[in-house]
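Listed below are the residues making up each chain.
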Amino acid sequence: MNTFHALDDDQVEGGALGRKLGLTRRQLFAATTGMAAAAAITALPGRASAAVSASALGSPLIRDSKRGIILYTVRDAISRDPNTTTLPSGFKEVLKALSEIGYERIEFAGFSQNANAEGGANLDNVAGATLLRSWLDEYGLRAEGNHGFIPGSWPLTQADLDRFRTSLEIANILGMDHIGTGNDPTGSNYKADWDIAAEKWNTLGEIARNSGYVKLYTHNHDAAYNFLLDSGPLDVQGRPTRSSGIRKLEYFLGITDPKFVNLEMDIYWAHVAQYKHRTYTAPDGSVQTNIFNPLALVQAQEGRYPLFHAKDGRLNPATANGYDMVPFGTGDIDYTTFFRGLVSQHHYPMYEQDTAPGGTANPGQSLEFARISYNNLSALTTE
């Protein structure tokens, strides 16, 4: 099994000129092209211009080597036919484009691309991973995670176990420290089902860590922060109908092993949960209010959150979720306060926007939003 990892650009100098100046490759790139890229961004109302140097305002809140993107955001570019466009298409060209923007960390969302792109349609195998690794290395990128296969069976079938181990082998080839899923451990509201899910994830996490330095993570939407049904009168199926006030994911954190189970908070969906999931029916039948605090949940077990989805939202009470997705730095979620509230700098914020693809009307939109979002992520400062 391959277990090699790419060095961060903090560890590899940027060629002959970089060695003379004492700069990494990424620092050299930023010094020669960063000002031009920043100048191309128009300042948004109520926001500092991305052209303003972060160093003039304070230290960067997120170091350049920590800034990432999940490829789901630019899935339209990865899936488009290179024979019908001059825009970046397929993994290789999209990875190159993201590197030129400045991203250093990549989170995959599977390994499928257009069949006409270099490498073919399916790179979810050892040969495909080896090819992807060569492109990551070529463009100075590091694979940080993947929303991939999590076995559906429990107890595990041999087929699911074998496929999971193949996923871990691919992760090691790519140099990933994390693998995960975009789904909750269970879609249930009931304590008994979360108990089973915890047992399963503890086992999968231990398998992952034993395969190499790979941490298993679950990525969650707002439903995971709703209240657990764990008390009160039982329904006709013998299930509880009321809540003690603990949220489902909080309960999951409490009964899983921190060595084996980690989380990737999607900060947008956590704020949707703050908007939507505010009350519960207590065991005595009274309705209680409890406003969710995403930052406090992370602060309580910060070491279990190696990754975040940095997805921004603009307040819109007319929608069920209370927010509309927008490019990072153009919404109303207070990311400065959130990231300043963390003690560690060992987290990887991955920019994501589900609605970034512009379709046939604006086929370059997702990569343009990636550029705007990178500059706004870079502009966050410590003071």
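One can find the structure itself at the top, above this paragraph.
Residues numbered from 1 in each chain as written. Predicted model: local features only at pLDDT ≥ 70, side-chain atom pairs only at ≥ 80, totals over all residues. Heavy atoms only, no water.

**Digging into the packing of helix H7 (residues 158–174) against helix H8 (residues 191–210)**
Here is step 1: Where H7 meets H8, the closest approach of the two axes is 10 Å, and the angle between their N-to-C directions is 45°. When the interaxial angle is binned, H7 and H8 end up oblique. Once H7 is placed against H8, the crossing between them reads as right-handed. Note on element contacts: H8 touches H7 through Leu-204, Ile-207 and Ala-208, opposite Leu-161, Phe-164 and Leu-168. (Axes fitted to C-alpha atoms, helices over the stretch in contact; angles between N-to-C directions. Helix = DSSP H or I, 4+ residues; strand = E, 2+ residues; numbered from the N terminus. Parallel < 35°, antiparallel > 145°, perpendicular 65-115°, else oblique. Left-handed = near helix turned anticlockwise from the far one by under 90°. Contact = heavy atoms within 4.5 Å.)

**Looking at the sheet that holds strand S5 (residues 215–220)**
Here is step 1: Within the open sheet, the eight strands sit side by side as S3-S2-S1-S14-S11-S8-S5-S4. Their pairing is parallel. One side of each edge strand has no neighbouring strand; the edge strands of this open sheet are strand S3 (142–146) and strand S4 (178–181). Across the sheet, the mean angle separating the axes of adjacent strands is 30° when strand polarity is ignored.
Here is step 2: Seen against the sheet, helix H10 (residues 267–276) touches S5, strand S8 (261–266) and strand S11 (307–310) and runs at an angle of roughly 75° to S8. (Pairing = 2+ DSSP bridges.)

**Focus: the side chain of Glu-302**
Here is step 1: Its place among the elements puts Glu-302 in the loop between helix H11 (294–300) and S11.
Here is step 2: Despite its burial, Glu-302 pairs with no opposite charge; the closest candidate is Lys-66, at 11 Å N-O.
Here is step 3: A distance of 3.0 Å separates a polar side-chain atom of Glu-302 from the backbone nitrogen of Val-343.
Here is step 4: Of note is the side chain of Glu-302, whose polar atom sits 2.7 Å from the backbone nitrogen of Ser-344.
Here is step 5: Residues in contact with Glu-302, not counting those within four places in the same chain, are Leu-342, Val-343, Ser-344 and His-347. (Buried < 20%, exposed > 50% of the residue type's maximum accessible area, 1.4 Å probe, protein only. Lys, Arg positive; Asp, Glu negative; His and termini not counted. Salt bridge = Lys/Arg side-chain N within 4 Å of Asp/Glu carboxyl O. Polar contact = N/O pair within 3.5 Å; in protein donor to acceptor, adjacent residues only side chain to side chain.)

**Observations concerning the pairing of strand S6 (residues 231–234)**
Here is step 1: Strand direction decides the pairing type here: S6 and strand S7 (residues 240–242), joined by two bridges, are antiparallel. Note on S7: the bridge partner recorded for Ser-231 is Arg-242.
Here is step 2: Linking S6 back to S7 in an antiparallel pair, the connection comprises five residues, with Gly-238 at a positive phi of about 80°.

**Some points on the packing of aromatic side chains**
Here is step 1: A full pass over the atoms with the stated rule returns 15 aromatic pairs.
Here is step 2: Ring plane angle 45° and centroid distance 5.2 Å describe the contact between Phe-108 and Phe-111, whose orientation is recorded as tilted. Residue Phe-108 shares its accessibility class with Phe-111, and that shared class is buried.
Here is step 3: Their ring planes at 45° and their centres at 4.8 Å tell us that Phe-227 and Tyr-280 sit as a pair that is tilted. (Phe/Tyr/Trp six-rings, centres within 6.5 Å; stacked < 30°, edge-to-face > 60°.)

**Points about the packing of helix H5 (residues 90–101) against helix H13 (residues 365–378)**
Here is step 1: For the pair H5 and H13, the least separation of the axes is 10 Å and the interaxial angle reads 30°. As summarised for this structure, H5 and H13 are arranged roughly parallel, according to the angle between their axes. Crossing angle aside, the handedness with which H5 passes H13 is right-handed. Between H5, through Ala-97, Leu-98 and Ile-101, and H13, the contact on the second element is made entirely by Leu-367, Ala-370, Arg-371 and Tyr-374.
Here is step 2: Along the lines of polarity and charge, the residues of the contact of H5 with H13 split into six nonpolar, no polar and one charged. (Nonpolar A, V, L, I, M, F, W, Y, C, P; charged D, E, K, R; others polar.)

**So, H8**
Here is step 1: For H8, which comprises 20 residues, the first-to-last C-alpha distance of 29 Å matches the rise-based estimate of 28 Å (1.5 Å per residue) to within 8%.
Here is step 2: Within the sequence span of H8, burial applies to Trp-194, Ala-197, Ala-198, Lys-200, Trp-201, Asn-202, Leu-204, Gly-205 and Ala-208.
Here is step 3: Contact partners of the buried residues in H8: H7, S4, S5, helix H9 (248–255) and S8.
Here is step 4: Phi turns positive, to about 150°, at Gly-212, one or two residues after H8. (Expected span 1.5 Å × (residues − 1).)

**Thoughts on helix H6 (residues 126–138)**
An α-helical turn contains 3.6 residues, so a residue and the one three or four places further along point in the same direction.
Here is step 1: Taking 1.5 Å as the rise per residue, H6 with 13 residues should run 18 Å; its terminal C-alpha atoms sit 18 Å apart, in good agreement.
Here is step 2: In this structure, the buried residues of H6 make contact with H5, strand S2 (105–108), S3 and H7.
Here is step 3: Sitting at the amino-terminal end of H6 is Asn-125, which places a side-chain oxygen 3.3 Å from the backbone nitrogen of Ala-127.
Here is step 4: One or two positions beyond H6, positive phi appears at Gly-140, with a value near 70°.

**Overview of the pattern of salt bridges**
Side chains that carry opposite charge are capable of pairing whenever their charged atoms lie near each other.
Here is step 1: Overall, the coordinates contain 13 salt bridges when judged by the stated rule.
Here is step 2: Close ionic contact of Asp-222 with Lys-276 constitutes a salt bridge, the shortest N to O distance being 3.2 Å. With Asp-222 in the loop between S5 and S6 and Lys-276 in helix H10, this residue pair connects regions lying 54 residues apart in the sequence.
Here is step 3: Taking relative accessible area as the criterion, Asp-222 reaches 9% and is therefore assigned buried.
Here is step 4: Linking Asp-257 and Lys-259 is a salt bridge whose minimum nitrogen-to-oxygen distance equals 3.0 Å.
Here is step 5: You can call Asp-257 partly exposed: its relative accessible area is 22%.
Here is step 6: Residues joined by salt bridges that share partners form a network here, namely Asp-266, Lys-311, Glu-352 and Asp-354.

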